[in-house]
Amino acid sequence: MTTSDAFRLLVPVADSVSVRNTVAHVVDMATNAAEDRPVELHVVDVASTRAVDPDAIEELAAASDLLARVEAWVAEDAGGEPPANLKLVTDVIGAARYLFSPGDYADVLLEYADEQGIDRIVLDPEYNPGGAAPMLRPLTIELALADYEIEIEEAPVARRAQRTVLVRAASLPKYLAVFGASYLFYMLLSSWKPIDFGTGLLTATLVTVLLAPVAFSEQPSFARIGKQTVRMLVYTPYLLKEIAVANLQIAYVVLHPALPIDPEVVELQAAVWGDAAVTTLANSITLTPGTLTVSVTDRAFTIHSLTAGARADLFDGGLERAVRFVFYGRESMAIATPRERGDDGGNSDG
Amino acid sequence: MTPVEWAIVALAALGAFFSGVAAIGIIRLPDVYTRAHAASKSDTLGAVLTIAAAALALETGLSTAKAVFLLVFMFLTNPTAAHAVARAAKDQGIEPWTTENDQ
Amino acid sequence: MVEFATAMLAIAAAFVLFAVVALYRVFVGPTIHDRVIAVNVAGTNTVIAIALVAAAFEESTFLDVALVYALLNFLLSIAFSKFNVEHGGVL
C-alpha cells in the first residue's frame with residue numbers, strides 16, 4: 001500500500017437512478033476533506049464485458065460517456081472552481097477479464113484500491129453492476145470481507161427506486177374513486193341482501209386503505225373523467241362500425257381459399273400522449289381493419305398490418321383523430337393526420 | 001319461441017360465426033402475428049355479440065349488469081392480450097411472415 | 001319447434017367445438033406465442049360457452065364463474081408473455 005498523507009476516495013459508478021446524488025455527496029465529502037489535506041477522487045466504471053467481446057466497443061463508449069458526465073457534475077458541484085488540492089481521476093477498470101458475481105467486482109475494486117492506496121470506498125446505494133441476481137451476496141458484504149484497511153460507506157442519498165413511480169400522493173378524489181369502483185364491483189358480484197351492503201362497505205374500505213396510494217398514475221379528476229366518458233360514448237358507435245368492417249374483412253380473408261394476405265410491419269408516430277390515450281389508441285388499432293399494435297414506445301407505435309388497404313387507412317389517421325377527441329376535446333381534432341405530417345411508414349403506395 | 005327469443009338466438013349465432021372465423025383463422029393463418037389478428041378481432045366481436053345475447057336473455061337486472069360487465073371486460077382485455085403476445089414475439093425476434101416466404 | 005334453452009345450448013356446444021379446434025394450434029405450435037394465443041382463444045370461447053349456459057338455465061351464478069374465468073384468461077396471456085421474454089424462457 002502506498003503511504004502518503006493524501007486522502008483517497010474510490011467511487012464505482014454505473015448508470016443508476018441515484019448516481020447523480022452519489023456524485024454530489026462525494027464531492028461534498030471531498031471538498032470538506034480538502035480543507036486540511038490533498039484529496040484524490042477516483043471515479044471508476046467497472047466494465048462488465050472484456051475488451052475483446054463484440055459488444056465491448058459499445059459498452060466502453062457508454063462507460064466513457066458516463067465518466068465524462070461525472071466530470072461535468074464534479075465541476076458543477078465544486079462550484080465551477082474545484083479546490084486546488086482536489087484531484088479527480090476517472091478510469092474504466094476490469095475490461096481485461098470476465099466479471100460475473102459481486103465477488104468478482106469486489107476483487108477488481110479492491111485490487112484497484114490496493115494499487116492506488118485508496119482510504120475509503122463510497123458506494124451508490126443503487127449500484128448493481130452486471131445486474132446481479134438477488135441471491136448472491138451483495139457487493140457491500142463482499143467488500144467488507146476483504147482484509148484491506150479500507151472504509152466502506154454507502155452514500156446517504158435518497159433511494160429513488162421504482163417504488164416512487166408506483167406510490168403517488170393520496171388525495172380525496174383518489175380515495176373516492178377507488179372506494180366507489182371497488183364497492184360497485186363488490187355489489188355487482190353480490191346478491192343484494194342487506195348484509196351484503198355491510199360487508200361490501202367493509203371490503204371496499206379495506207381495499208381503499210391498502211390500494212389507493214398505488215391506484216392511479218395521475219390524480220383523477222371527476223370533471224375530466226365525466227367529460228371523457230361522454231365523448232367516449234360518442235366515439236363508441238364509430239369504433240363499432242370500424243370493428244364490424246374489420247371483422248367482415250377478416251372473415252373474408254380467412255375463409256377465402258387462397259388466403260389473400262400481404263402482411264407488413266409499419267411504424268407510426270401517433271400524435272397522442274398520456275397512458276390512457278395511448279392504450280385506447282393501441283387497442284382501437286388492434287380492433288379495427290387489418291391492423292394490430294405490436295409494441296408502443298412513448299408515441300412510436302409498431303403496427304403489424306394484414307393488407308395494403310389497412311395500411312392506407314391507418315395513415316389517414318381517422319382513429320387517431322377520434323381518440324384525441326375523446327381525451328382532449330374537439331380542438332385537438334385539428335392536428336394534421338400522419339400522412340400530412342409526412343409519416344407514411346415509408347410506404348406511399350397507399 | 002317468441003320473436004324476441006329468435007332475435008337473441010340469431011345474435012348468438014352471429015357471434016358464433018365470428019368466433020368460428022377466429023378458430024379457423026388461428027389454424028389457417030401463417031404466423032403468430034397474423035393469428036393474433038384473428039384472435040383479437042374476430043374473437044372479440046364473437047364474444048361481444050354472444051354475451052350481449054346472453055345479457056338480453058337473462059331477466060333480472062343484476063345478471064344483465066354482470067353480463068354487460070363481462071362484455072366490457074372482454075372488449076378491453078382481448079386486444080390487450082393479443083398485443084402482449086405479439087410484443088413478446090417481437091421482442092424474441094420472431095420475424096413476421098411476408099408474401100415472399102411463400103415462394 | 002325448438003326450445004329457446006336448447007338453441008342456446010346448441011350454440012354453446014358450437015363454442016366448445018371452436019375451443020377444441022383452437023387446441024389443435026396449442027399442440028402444433030410452433031412457437032410458444034402461437035400456443036398462448038390459441039389458449040387465449042380457447043379460454044375466451046369457454047367464457048362465452050359458460051355465459052350461454054347461464055342464459056339457457058337462467059342461472060346468474062354461472063356468470064360469476066365466467067367473470068373469474070375471463071380474469072384468469074387475461075392474466076394467463078399477460079403472465080406468459082412477460083415471463084417468456086424477460087426471464088429468457090422460464091416457462
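From a predicted model like this one, the values you see are computed outputs, not experimental measurements.

The rules behind these values
Residues numbered from 1 in each chain as written. Chains lettered and ligands numbered in written order. Predicted model: local features only at pLDDT ≥ 70, side-chain atom pairs only at ≥ 80, totals over all residues. Pairing = 2+ DSSP bridges. Helix = DSSP H or I, 4+ residues; strand = E, 2+ residues; numbered from the N terminus. Axes fitted to C-alpha atoms, helices over the stretch in contact; angles between N-to-C directions. Contact = placed C-beta atoms within 7 Å. Expected span 1.5 Å × (residues − 1). Bend = angle between axes of the 7 residues up to and from the residue. Buried ≥ 20, exposed ≤ 12 C-beta atoms within 10 Å, placed from the backbone. Parallel < 35°, antiparallel > 145°, perpendicular 65-115°, else oblique. Left-handed = near helix turned anticlockwise from the far one by under 90°. Nonpolar A, V, L, I, M, F, W, Y, C, P; charged D, E, K, R; others polar.

1. Some words on the sheet that holds strand 7 (residues 291-297) of chain A
The strand order across the open sheet built from 3 strands is 6-8-7 (chain A), with neighbouring strands paired in antiparallel fashion. With one partner strand each, in any of the chains shown, strand 6 (264-269) and strand 7 of chain A form the two edges of the open sheet. Sheet twist, expressed as the average angle between the axes of neighbouring strands with direction ignored, equals 25 degrees. With 6 bridges connecting them, strand 6 of chain A and strand 8 (residues 300-305) of chain A associate as antiparallel partners. Each bridged residue has a counterpart across the sheet, and for glutamine 269 of chain A the counterpart in strand 8 of chain A is alanine 300 of chain A. Sheet strands touched by helix 3 (residues 61-91) of chain B: strand 7 and strand 8 of chain A. Its angle to strand 7 of chain A, the strand with the most contacts, is close to 65 degrees.

2. Here's the deal with helix 8 (residues 222-255) of chain A
The end-to-end C-alpha distance of helix 8 of chain A is 46 Å, a good match for the 50 Å that 34 residues give at a rise of 1.5 Å each. In helix 8 of chain A, a bend of some 30 degrees at tyrosine 235 of chain A exceeds every other bend along the element, and proline 237 of chain A, a proline, comes one to four places later. Among all positions of helix 8 of chain A, only Leu239, Ala246, Asn247, Ile250, Ala251, Val253 and Val254 of chain A are buried. Packing partners of the buried residues in helix 8 of chain A comprise helix 9 (275-287) of chain A together with helix 1 (3-28) and helix 2 (32-57) of chain B.

3. Some details on the packing of helix 8 of chain A against helix 11 (residues 318-328) of chain A
All names here are of chain A. Running from amino to carboxyl end, helix 8 crosses helix 11 at an angle of 160 degrees, the nearest separation of the two axes being 7 Å. The angle between the axes of helix 8 and helix 11 places the two elements in the roughly antiparallel class. As helix 8 packs across helix 11, the resulting crossing turns out to be right-handed. Contacts between helix 8 and helix 11 involve Gln228, Arg231, Met232, Tyr235 and Tyr238 from the former and Ala322, Phe325, Val326 and Phe327 from the latter. When its residues are assigned to classes, the contact of helix 8 with helix 11 shows 7 nonpolar, 1 polar and 1 charged.

4. Here we look at the interface of chain B and chain A
Contacts between the two partners involve 31 residues from chain B, matched on the other side by 25 residues from chain A. Secondary structure elements with two or more residues in the side of chain B that touches chain A: helix 1, helix 2 and helix 3 of chain B. With 12 residues, the top contributor of residues to the side of chain B that touches chain A is helix 3 of chain B. Partitioning the side of chain B that touches chain A into residue classes produces 16 nonpolar, 10 polar and 5 charged.

5. Some details on the interface of chain C and chain B
Every contact between the two is made by 39 residues of chain C and, on the other side, 43 residues of chain B. Among the secondary structure elements, those contributing two or more residues to the side of chain C that touches chain B are helix 1 (4-28), helix 2 (32-57) and helix 3 (61-86) of chain C. Broken down by class, the residue content of the side of chain C that touches chain B amounts to 27 nonpolar, 9 polar and 3 charged.

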